[in-house]
Amino acid sequence: MVIAEKALIAQIRRLARPAKNPAVVTGIGDDCAVLRLLSRSGRVRGKERGAENDTLVTTDFSLEGIHFRRDWHSPESVGHRCLARGLSDIAAIGGEPVAAFLSLALPRDLRQSWVSRFADGLISLAKKYSVTLAGGDTAESPNGILADIVVVGTVPKGKAVLRSRARPGDPIYVSGELGGSAAAVWRLRKHPRRKLNPRDYPRHFFPEPRIELGRILRAKSLASAMIDTSDGLSTDLAHICEESGVGAELQAESIPRASVGKPSREVDLQFALHGGEDYELLFTARPGKRIPSRIAGVPITLIGYITRFQKIFLMNESGAGAELKPQGWEHFRK
């Protein structure tokens, strides 16, 4: 039997747990690992009185045939999306990205022009957020392109916004609109030989990580728990609920749905609920916190509340609800 991604991560997490390390503040289970680097004497390296910042580390694969296809995505889009995945993890914890490390495994017959254009897309996004491409590795791949991005960032000591701090009664918010990337993938699969204009589906081909939004939510203590919508709303909210030991109720009519295509049309609710790779921020706030309707120019929408019962329910306008199972992206699931 093929192991499910969630079970695989849980198994590795159990095996890793006995290794106590004071430098690892937060390990497996969040968008980034949070490190507080110590000397052998237990003091923070270079600081007698303690670290001013914690170090964030995240890593993400971009695999040909899984995350992109060369006949669907331009090299610039693949490079942009590769880095955006890691930057979004930094945003989801309220951090500032600093450096990236790229490892590439490439087929022997891949044209140099494809690699150059891939690098242009990645480095263009890196420059936008003052991220230095500081190293990596290359190798030959027998089957398709594999890109592994590691992004390192910082966050003020002890201030990382984790998935595990949602509490019953916390309102749930999401940035931007959802389902735009999934709608693009659906159309590509329905008409595999038809090219889509990236300008009509920007959240799929050139997603913008919400770095500034995440920083503001952390700096102003607005978010109690946070995650990015890389796997889909239903799955990513389930991650918050699992790590926090809570449940949630969502209002179906409140979920902001993207408009895509030409002419522009609002996506189906199922895309907004379960479609991934929107890279918006999903977060909770303490009751009574005033959350603006726009932050850093990005719309913010109240979509539900955290509950004590460890299940997620989707409520309709009449107040009737049905359990919402995680149906977003999961590797190894058929």
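Provided above is the structure to which this section pertains.
Residues numbered from 1 in each chain as written. Predicted model: local features only at pLDDT ≥ 70, side-chain atom pairs only at ≥ 80, totals over all residues. Heavy atoms only, no water.

What follows concerns the pairing of strand 9 (residues 247–251). Sheet analysis places strand 9 next to strand 14 (residues 298–307), joined by 4 bridges and oriented antiparallel. Across the sheet, residue Gly-247 finds its bridge partner in strand 14, namely Thr-307. Sheet analysis places strand 9 next to strand 15 (residues 312–315), joined by 4 bridges and oriented parallel. For Leu-250, the partnering residue across the bridge sits in strand 15 and is Leu-314. (Pairing = 2+ DSSP bridges. Helix = DSSP H or I, 4+ residues; strand = E, 2+ residues; numbered from the N terminus.)

The next point concerns helix 4 (residues 180–190). Residues of helix 4 that are buried: Gly-180, Ser-181, Ala-182, Ala-183, Ala-184, Val-185 and Leu-188. Summarising the contacts, the buried residues of helix 4 are in contact with helix 5 (202–205), strand 10 (259–260) and helix 8 (269–274). (Buried < 20%, exposed > 50% of the residue type's maximum accessible area, 1.4 Å probe, protein only. Contact = heavy atoms within 4.5 Å.)

Now for helix 7 (residues 233–244). The end-to-end C-alpha distance of helix 7, which contains 12 residues, comes to 16 Å, matching closely the 16 Å that a straight helix rising 1.5 Å per residue would cover. Burial within helix 7 is extensive, with 9 of its 12 residues counted as buried. Within helix 7, the full set of buried residues consists of Leu-233, Ser-234, Thr-235, Asp-236, Leu-237, Ala-238, Ile-240, Cys-241 and Ser-244. One or two residues past the end of helix 7 sits Gly-245, with phi positive at roughly 70°. (Expected span 1.5 Å × (residues − 1).)

Evaluation of the coordinates by the stated rule reveals 3 aromatic pairs. When the ring of Trp-114 is compared with that of Phe-118, the centres are 5.6 Å apart and the planes differ by 15°; the resulting orientation is stacked. A residue pair is termed a helical-turn pair when its members lie 3 or 4 positions apart in one helix, as Trp-114 and Phe-118 do in helix 3 (residues 112–128) at 4 residues. Considered together, Trp-114 and Phe-118 belong to a single accessibility category, that of buried residues. Ring centres of Trp-186 and Phe-271 lie 6.1 Å apart, and the angle between their planes is 55°; on these two criteria the pair is classed as tilted. Of this pair, Trp-186 sits in helix 4 while Phe-271 is found in helix 8, placing the two residues 85 residues apart along the sequence. A cation over a ring is seen here: Arg-69 above Trp-72, with NZ or CZ 3.9 Å from the ring centre. (Phe/Tyr/Trp six-rings, centres within 6.5 Å; stacked < 30°, edge-to-face > 60°. Lys NZ or Arg CZ within 6 Å of the ring centre and 35° of its normal.)

Let us now look at the environment of Val-24. Topologically, Val-24 is positioned in strand 1 (residues 24–26). The exposure class assigned to Val-24 is partly exposed, which follows from its relative accessible area of 36%. Separated by 12 residues in sequence, Val-24 and Arg-36 have C-alpha atoms that sit 6.3 Å apart. Those residues in contact with Val-24 that lie beyond four places of it in its chain are Val-34 and Leu-35.

Moving on: the side chain of Arg-210. Here Arg-210 lies in the loop between helix 5 and helix 6 (211–219). At a separation of 2.9 Å, a polar atom in the side chain of Arg-210 contacts the side chain of Glu-280. With residues near it in sequence (within four places) discarded, Arg-210 still touches Ala-91, Ser-175, Gly-176, Arg-203, Tyr-279, Glu-280, Leu-281 and Val-298. (Polar contact = N/O pair within 3.5 Å; in protein donor to acceptor, adjacent residues only side chain to side chain.)

Everything listed here is a matter of coordinates, which is why it stays silent on function.
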